[in-house]
Amino acid sequence: MNIKAVFFDIDGTLVSFKNHKMPASTKEALWQLHNNGIKIFIATGRFKDGLEVLGDIPFDGYITLNGQYCYTNKEVVYENFIEKEDLVSLLEVLDEQPFPCGFTMKTGKIYNYKDKRVAEIHSITHNDDQPTGDLSRVLDEKVYQLMCFVSKQEEEKLLEKMPHCTSARWHPLFTDVTPLGGTKQLGIDKFLSYYNIDRQETMAFGDGGNDLQMLNHVAHGIAMGNGEEQLKQIAEYVCDDVDHDGIVKALRHYELIK
């Protein structure tokens, strides 16, 4: 099998929801891929400030914020941000029917307010301890992604007022809202072009709803055993879960590592 690029989600894929760490077997597998000349990439909803969990693994590129900000260790490859018109509509909704909402900008993330829903997600990701404060500045900056703590039904109504946005949900408590066009799938294409790699030479690992497009797009889509059922149904292969060496077992199954 000629695989030249492998893309990895973080939460629930590389990093355990139970202890918020990357298993030692996964670290070793990533180093083996790197040493074998296979390029390795991150494809996550997190931003730069949430990547410390990766340690010193030499990734070749980072698809962050579900595809809105893609970069290497040398340069930005692609960025995409929410249109001001949609942000104005969102702020009006938050004023009339407030819900916790995080705004991710290059300068950092800010919330309007937090409640137990935000605390529950932070207990899973350890990546949502950013401050609350005045949202007026969000109209003057590039906002790459929103973290909206709403139900599925509320999400649908919200998107009706934000026609230039889409959403991706990996937990019942919230959804990531992003500008149309920027997806993990597009991020993959940007890096394949950047490194001159064919899509038939790609593999990806994921566990959540925001990984559906990615697994459908690559040549070999792998779902984690702890992943959502809809993801397992479209995956080429379902490996063991993150806490039972799923990554290394799958890579050995495909004979990419020893």
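Reference entry: report on the structure contained in this document. This structure is a prediction, so every number in the text was calculated from the model and none was measured.

Spatially, the eight strands line up as an open sheet ordered β5-β4-β3-β2-β1-β11-β12-β13, and their pairing is mixed. This sheet does not close on itself; its edge strands, each paired only once, are β5 (76–79) and β13 (237–238). With four bridges connecting them, strand β1 (residues 5–8) and strand β2 (residues 39–43) associate as parallel partners. Pairing of phenylalanine 8 across the sheet is with isoleucine 42, part of β2.

Okay, the environment of tyrosine 195 next. Structurally, tyrosine 195 can be placed in helix α5 (residues 184–195). Relative accessible area serves as the criterion here: at 24%, tyrosine 195 is assigned to the partly exposed category. Along the primary structure tyrosine 195 and alanine 5 are separated by 190 residues, whereas in three dimensions their C-alpha atoms are 9.5 Å apart. Residue contacts for tyrosine 195: discarding those within four places in its chain leaves Lys39, Phe41, Asp60 and Thr72.

On to the sheet that holds strand β6 (residues 101–105), then. Paired through backbone hydrogen bonds, the strands of a sheet run either parallel or antiparallel to each other. If you trace the five strands from one edge of the open sheet to the other, you get β7-β6-β8-β10-β9, paired in antiparallel fashion. Since the sheet does not close on itself, it has two edges, and those belong to β7 (108–111) and β9 (165–171), each with one partner. Each strand axis lies, on average, 20° off the axis of its neighbour in the sheet, ignoring direction. With five bridges joining them, β6 and strand β8 (residues 143–148) adopt antiparallel strand pairing. Bridge pairing in β8 links phenylalanine 103 to leucine 146. Running at roughly 155° to β6, helix α2 (residues 84–96) makes contact with β6, β8 and β9 of the sheet. Of the strands in this sheet, β7, β8, β9 and β10 (174–179) are in contact with helix α3 (residues 116–125), which crosses β9 at around 70°.

This part covers the state of the cysteines. For the structure on display, the rule yields zero disulfides. Not engaged in a disulfide, the cysteine cysteine 101 finds its nearest cysteine sulfur in cysteine 148; these two sulfurs lie 3.8 Å apart. The thiol of cysteine 165 is unpaired, and the distance to the nearest cysteine sulfur, on cysteine 148, comes to 8.8 Å.

Our next topic: the packing of aromatic side chains. A full pass over the atoms with the stated rule returns 15 aromatic pairs. Here phenylalanine 41 and phenylalanine 191 contribute two aromatic rings whose centre-to-centre distance is 5.1 Å and whose plane-to-plane angle is 40°, an arrangement assigned as tilted. Highlighted residues: phenylalanine 41 in strand β2 and phenylalanine 191 in helix α5, separated in sequence by 150 residues. We note that phenylalanine 41, like phenylalanine 191, is buried. Between phenylalanine 47 and tyrosine 144 the ring centres are 6.1 Å apart and the planes differ by 45°, which places this aromatic pair in the tilted class. Note that phenylalanine 47 is positioned in the loop between β2 and β3 (61–64) and tyrosine 144 in strand β8, a separation of 97 residues in sequence. On the basis of relative accessible area, tyrosine 144 is assigned to the buried category, the value being 0%.

Calculation criteria
Residues numbered from 1 in each chain as written. Predicted model: local features only at pLDDT ≥ 70, side-chain atom pairs only at ≥ 80, totals over all residues. Heavy atoms only, no water. Pairing = 2+ DSSP bridges. Helix = DSSP H or I, 4+ residues; strand = E, 2+ residues; numbered from the N terminus. Buried < 20%, exposed > 50% of the residue type's maximum accessible area, 1.4 Å probe, protein only. Contact = heavy atoms within 4.5 Å. Axes fitted to C-alpha atoms, helices over the stretch in contact; angles between N-to-C directions. Disulfide = S-S within 2.5 Å. Phe/Tyr/Trp six-rings, centres within 6.5 Å; stacked < 30°, edge-to-face > 60°.

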